[in-house]
Amino acid sequence: MQKLSTQPYKGTRDFLPEEMSVRTQIFEKLHRTVETYGFRRYDGPILESAAIYEAKSGEEIANQQLYRLVDKGGRELALRPEMTPSVARIIAGNAEQIVFPARWYCNVNCHRYERPQRGRVREHWQVNVDIFGSEEVEAEVEIFDLVGDLMAALGATPDMWIFRVNDRVLVEGALRNFVGVPQDKLVGVGMAIDRWEKVDQETRHQTLTELGLGAEQIGKLEELVQMDLTAYGKVAGDEALSRSKLAKIVREGLSQAPLKFDPLVMRAFTYYTSTVFEVFDASPENRRSIFGGGRYDDLASLFTTKKIPGVGFAVGDVTTWNFMEHHGLLPKPDLGPDIYVFGTSPDYRAAVRSVSRALRREGLRVEPALDDPNVRNGLKHANRLGAKYVVMIADEEFKVNSAVVKDMVGSTQQTLAFDAVPGFLKQALQAK
RNA sequence: GCGGCUGUAGCUCAGCUGGUAGUAGCGCCAGAUUGUGGUUCUGGAUGUCGAGGGUUCGAAUCCCUCCAGCCGCCCCA
């Protein structure tokens, strides 16, 4: 009979224990850092009503990248392509009982139907971090500082990454006042800015011309995207400048993160309303966005009349993995068992069980043999498992209620009474 | 959705212009080593050559279609 394929579905990945251990360690570093900022972890369903993505996520995601399905009751559902709409729904639905400002984070898998390639798959995991219910600039400062600390937690030094920031408030002001872009073309021109470095000048001109910009306006736009924050703020106009959180943060030096103003950072999600940022790999060979985020001041309006502003970002496992791998920062797999216990005869199984239980009471990672290998095979198996220590109960030792405790790394061994084994190994493993 | 490259042993791969698959490396099994793994040496096993079709006396090799992977485009995290 024809067997089914063992390959994971296109764009998805199996995580064998070695890889899972690396992924877990990466996320644990991120979680610990996020929690030092007072964030609380939540979770939510992978299935959502498709409608929540159609309004706010952006057309491309809703129309082409959404995994859609219809349940048996005819409801239009989708696998979440990102977490922000879900968390906005959860926040809006529970707003009466939530203490604002709320600092929430999660670790979820998201699905997007697209062509897999470097840094992009169909299922990825991300840590999603948001502060809800504050329009204060301090929310951005906290997020920016957190981003800096997250990168440090991954082992990244400042030269490895670039923290590009922009503010859509400034962009809109500048496009309106300096370039003279009409209201209904702001989004289109914004998208053109987003793609600025990815297309050649001719394509860019064509796009902008199609949006109704004249040669003089295009010239001004080209001037604009070269400006530093001071010049950009001036042409954006007083009103935009006074509303811009980014301008205030930079002017007053509120964040300790290495912010770099970049007029080309726009981000695709239509729901961002103010600050937007992207963390880039500084290495020329891996020059790509690792993650990004921004402020969205009316996302909850989909669910409630309450105004619940938010600012946040998501760190994905794929791009983070690529970054860490590229810079040699990936942690080594940390897999059990620390100790492999075996006896060479069925008569010793009770002793194997009882020693194993005693070791576990010390909190150690213990794997007892399920059979009775000879010395050679028992040690061989322990070696392949990567166990750091072996407890071996063989004929000579069993006679005197003892076991050989062998250090598999240092190749030293000693015979200890059963009672002495747990204390000895606990201390030995703590020392490592 | 579009384009490029790739698909041969468990893994990494060699296999020239078609002649019926490799003493390859790693891994695996066994022995040296009937109380010692990891190192070393010796021996051994393993393939529907991604799938289907076509050309040919003959296809891993050439052609077509499909599938999958990688990379890029579109777009996006």
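Attention here is on the structure that accompanies the text. What you see is a predicted model; the values in this text were computed from it and never measured.

On to the pattern of salt bridges. With the rule as written, the count across this model stands at 19 salt bridges. Residues R295 and E140 are paired through a salt bridge, measuring 2.5 Å at the closest nitrogen-oxygen approach. Taken together, the residues R295 in strand β10 (residues 289-296) and E140 in helix α5 (residues 137-153) connect sequence positions 155 residues apart. On the basis of relative accessibility, which here comes to 0%, the residue R295 falls in the buried class. Close ionic contact of R365 with D338 constitutes a salt bridge, the shortest N to O distance being 3.1 Å.

Burial of strand β14 (residues 389-393) is extensive: five of the five residues sit out of reach of the surface. Taking every second residue as pointing to the same face, both faces of β14 are buried, with Y389, V391 and I393 on one and V390 and M392 on the other. With five bridges connecting them, strand β12 (residues 339-343) and β14 associate as parallel partners. Looking at the pairing, I339 lines up with Y389 of β14. Two elements, β14 and strand β15 (residues 402-407), share four bridges in a ladder whose sense is antiparallel. Residue pairing across strands places V391 opposite V405, the latter belonging to β15.

What counts, and where the lines are drawn
- Residues numbered from 1 in each chain as written.
- Chains lettered and ligands numbered in written order.
- Predicted model: local features only at pLDDT ≥ 70, side-chain atom pairs only at ≥ 80, totals over all residues.
- Heavy atoms only, no water.
- Salt bridge = Lys/Arg side-chain N within 4 Å of Asp/Glu carboxyl O.
- Helix = DSSP H or I, 4+ residues; strand = E, 2+ residues; numbered from the N terminus.
- Buried < 20%, exposed > 50% of the residue type's maximum accessible area, 1.4 Å probe, protein only.
- Pairing = 2+ DSSP bridges.

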